[in-house]
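Chains, contacts and geometry: an overview
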Amino acid sequence: MNLRHDYRSAVVRDERFLGHKTGLTHPENPNRLKAIHRLLDREFHDLKRVEATPATLEQLEFVHTPGYIEKVMKTAEQPMTSLAPDTPASAMSYLAAWLAAGGCLNAVDALMGGRIDACFALVRPPGHHALPDRAAGFCIFNNIGVAALYAARHHGLTRVLVIDWDVHHGNGIQELFYQEKGVLYLSSHDILLYPYTGTVEEAGEGEGEGYTVNLPLPRDLKDEEFLGLYKDILKPMVEGFSPQLIIVAAGFDGHRQDPIGRWDLTEAGYGGLTGLLLEAASGVGRPPILFVLEGGYDPPSLARCVGEVLGVLTGKAAGGANHFGESPRVAALLEEIKKVHGPYGVWI
Ligand SMILES: [Zn+2]
């Protein structure tokens, strides 16, 4: 099925995200967003904008400890320092981090207020590895964690679905909501990469049992396999949970040209996945969707992937996921997931 969609879409875009400098050789650098900005200027200049304003201290404390927030603030005093071995910070990094979280919150407000149907927060630093008291994996604040908790506390939402399609496991998001049933967290990732977590058996605890769903996928994963798996999972999950808001941890480091990820996906794969998500969402009254940029370290292919997602959202591209591969290794994984998650009755 190749439906054309017409989501009223916006982006969070701000030059100040370029002020987070990470050094000459770091893969998470300003060139990533520069490539995306050029794409927006070329093909999507008519998109609405959601402003990025700094999150408040109280909002950051939904997730982070006061001591850690102060540590981030102090990085402003030096031209270059580091918050974690892989997470450097320049003098303006604190501001970019504050704006990244705050931009996501403004997007939640715009979505929940009905002004738009979808928003892509094109932010950096990324967030899904960030923990309450420390930076990790290029991430400073857990942008999606703060946004999901803001949606719950400020807008009263009780069902937020977070879909993390970055090639890395979003351990920071998983940890935040591991014992919660208000956030259903789905992650597909290569478990042989950092942070080496996210087994099928990690499925939540206590009230959150069954509300964490991990799909550890094999190396050299192809579009057809990726889409085949999501085709079988997204519809029952979206219909079973009936989210009031969907947040996508949109990392594109599974692209075949990515220098870090080892998957073999193309931009068409991400477009197809967006199409599948919108089809599933149409079965439950089209809840608003927030995409938040996570990884993706080859700037040209990263920009093309973002373009695919925006194209499918706005109806410029059909995003037809026509090629679903029957792959024994993915079929085996699906069986394993059903075996682990069936008994919880959350979405199967
Ligand atoms: Zn990643």
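One numbering rule holds for all chains: residues counted from 1, following each sequence as written. In keeping with the model being predicted, local features are shown solely for residues with a pLDDT of at least 70 and side-chain atom pairs are shown and tallied solely at 80 or more, while totals for entire chains, interfaces and linings include all residues. Excluded from the side-chain calculation are hydrogens and water; included are all heavy atoms of the structure.

1. Details of the sheet that holds strand β8 (residues 212-216)
Applicable threshold: Note on pairing: two strands pair once DSSP finds at least 2 bridges between them. A run of DSSP states H or I qualifies as a helix once it reaches four residues; a run of E qualifies as a strand once it reaches two. Both are numbered from the N-terminal end. Note on geometry: axes are C-alpha line fits, over the in-contact stretch for helices, and angles between N-to-C directions span 0 to 180 degrees. Residue contacts follow a heavy-atom distance rule, with two residues in contact if any of their heavy atoms lie within 4.5 Å.
Taken in spatial order, the 8 strands make up an open sheet running β2-β1-β5-β10-β9-β6-β7-β8, and their pairing is parallel. Every other strand in the sheet has two partners, leaving β2 (48-50) and β8 as the edge strands with one partner each. Mean inter-strand twist for the sheet, computed between neighbouring axes without regard to direction, equals 20°. With 4 bridges connecting them, strand β5 (residues 118-121) and strand β10 (residues 289-293) associate as parallel partners. Counted as the bridge partner of Ala-118 is Ile-289 from β10. Across the sheet, helix α8 (residues 267-282) is in contact with β6 (160-164), β9 (245-250) and β10; its angle to β10 comes to roughly 155°.

2. Some points on the packing of aromatic side chains
Spelled out, the test is: For Phe, Tyr and Trp, where Trp contributes only its six-membered ring, two rings pair if their centres lie within 6.5 Å, and the inter-plane angle classes them as stacked under 30 degrees, edge-to-face over 60, or tilted in between. When a residue's accessible area, from a 1.4 Å probe over protein chains only, is under 20% of the maximum for its type it is buried; when over 50% it is exposed; and in between it is partly exposed.
Under the definition given, this model contains 15 aromatic pairs. Summarising the aromatic geometry, the rings of Phe-252 and Tyr-270 are spaced 4.9 Å apart at their centres and angled 75° between planes, so their arrangement reads as edge-to-face. With a gap of 18 residues between them, Phe-252 in the loop between β9 and α8 and Tyr-270 in helix α8 connect regions that are remote in the sequence. You'll find Phe-252 and Tyr-270 in the same group, each marked buried.

3. A look at helix α9 (residues 299-314)
Residues spaced three or four apart along an α-helix face the same direction, because each turn holds 3.6 residues. Which entries qualify depends on this criterion: A helix is expected to reach a length of 1.5 Å times the quantity of its residues less one.
Its 16 residues place the ends of α9 22 Å apart at the C-alpha level, agreeing with the 22 Å of an ideal helix rising 1.5 Å per residue. When α9 is considered as a whole, its buried residues turn out to be Ser-301, Leu-302, Ala-303, Cys-305, Val-306, Gly-307, Val-309, Leu-310, Gly-311, Val-312 and Leu-313. Against the buried residues of α9 lie β1 (9-12), α1 (31-43), β5, α8 and β10.

4. Details of the pattern of salt bridges
Where we set the bar: One side-chain nitrogen of Lys or Arg within 4 Å of one carboxyl oxygen of Asp or Glu is enough to make a salt bridge.
The full count for this structure, using the stated rule, is 15 salt bridges. Salt-bridge contacts for Glu-239 lead to Lys-235; the nearest nitrogen and oxygen are separated by 3.1 Å. Placement of the pair is Glu-239 and Lys-235 together in helix α7 (residues 223-241), with a separation of 4 residues, close to one helical turn. Residue Glu-239 is classed as partly exposed on the basis of its relative accessible area, which comes to 38%. Residue Lys-235 is classed as partly exposed on the basis of its relative accessible area of 47%. When the shortest N-O distance is used, the salt bridge between Glu-267 and Arg-304 registers 2.7 Å. In this pair, Glu-267 sits in helix α8 while Arg-304 sits in helix α9, placing the two residues 37 residues apart along the sequence.

5. Observations regarding unusual backbone geometry
Going from Arg-124 to Pro-125, the amide bond is cis rather than trans, its omega being 0°. Within the secondary structure, Pro-125 is located in the loop between β5 and α5 (143-155). For the peptide bond that leads from Tyr-194 to Pro-195, omega is 0°, which places it in the cis range. A positive phi angle, close to 60°, is found at Asp-220, a residue other than glycine.

6. A word on the nonpolar core
Test applied: Side-chain atoms within 4.5 Å link the members of a nonpolar core, which is a set of buried Ala, Val, Leu, Ile, Met, Phe, Trp, Tyr and Cys residues.
Counting residues in hydrophobic clusters, the biggest one holds 121 residues, and the most contacted among them are Phe-120, Trp-165, Phe-226, Ile-247, Phe-252 and Phe-291. With 13 residues, helix α4 (residues 93-112) is the largest single contributor of residues to this core. Setting aside chain neighbours within four positions, we find Phe-252 in contact with Phe-120, Trp-165, Asp-258, Tyr-270, Leu-293, Gly-295, Gly-296, Leu-302, Cys-305, Val-306 and Val-309.

7. A short note on the environment of Ile-173
Positionally, Ile-173 belongs in helix α6 (residues 171-177). Its relative accessible area of 0% is what places Ile-173 among the buried residues. Along the chain, Ile-173 and Cys-104 lie 69 residues apart, while their C-alpha atoms are 15 Å from each other. Each residue touching Ile-173, except ones within four places of it in the same chain, is listed here: His-128, Asn-142, Ile-144, Val-162, Asp-164 and Tyr-185.

8. Topic: α8
The end-to-end C-alpha distance of α8, which contains 16 residues, comes to 23 Å, matching closely the 22 Å that a straight helix rising 1.5 Å per residue would cover. Counting buried positions along α8 yields 13 of 16 residues, so the element is predominantly enclosed.

9. Quick look at the environment of Gly-210
Relative to the elements of secondary structure, Gly-210 occurs in the loop between β7 (183-189) and β8. In the structure, Gly-210 is positioned 97 residues away from Gly-113 in sequence and 30 Å away in space, judged by C-alpha atoms.

10. Description of the pairing of β9
A regular strand places its side chains so that they alternate between the two faces of the sheet. With 6 of 6 residues buried, β9 is to be regarded as a mostly interior element. Along β9, one buried face is formed by Leu-245, Ile-247 and Ala-249 and the opposite face, lined by Ile-246, Val-248 and Ala-250, is buried too. Sheet topology note: the β6/β9 ladder contains 5 bridges and is parallel. Residue pairing across strands places Asp-164 opposite Ala-249, the latter belonging to β9. As paired elements, β9 and β10 share 5 bridges and run parallel to each other.

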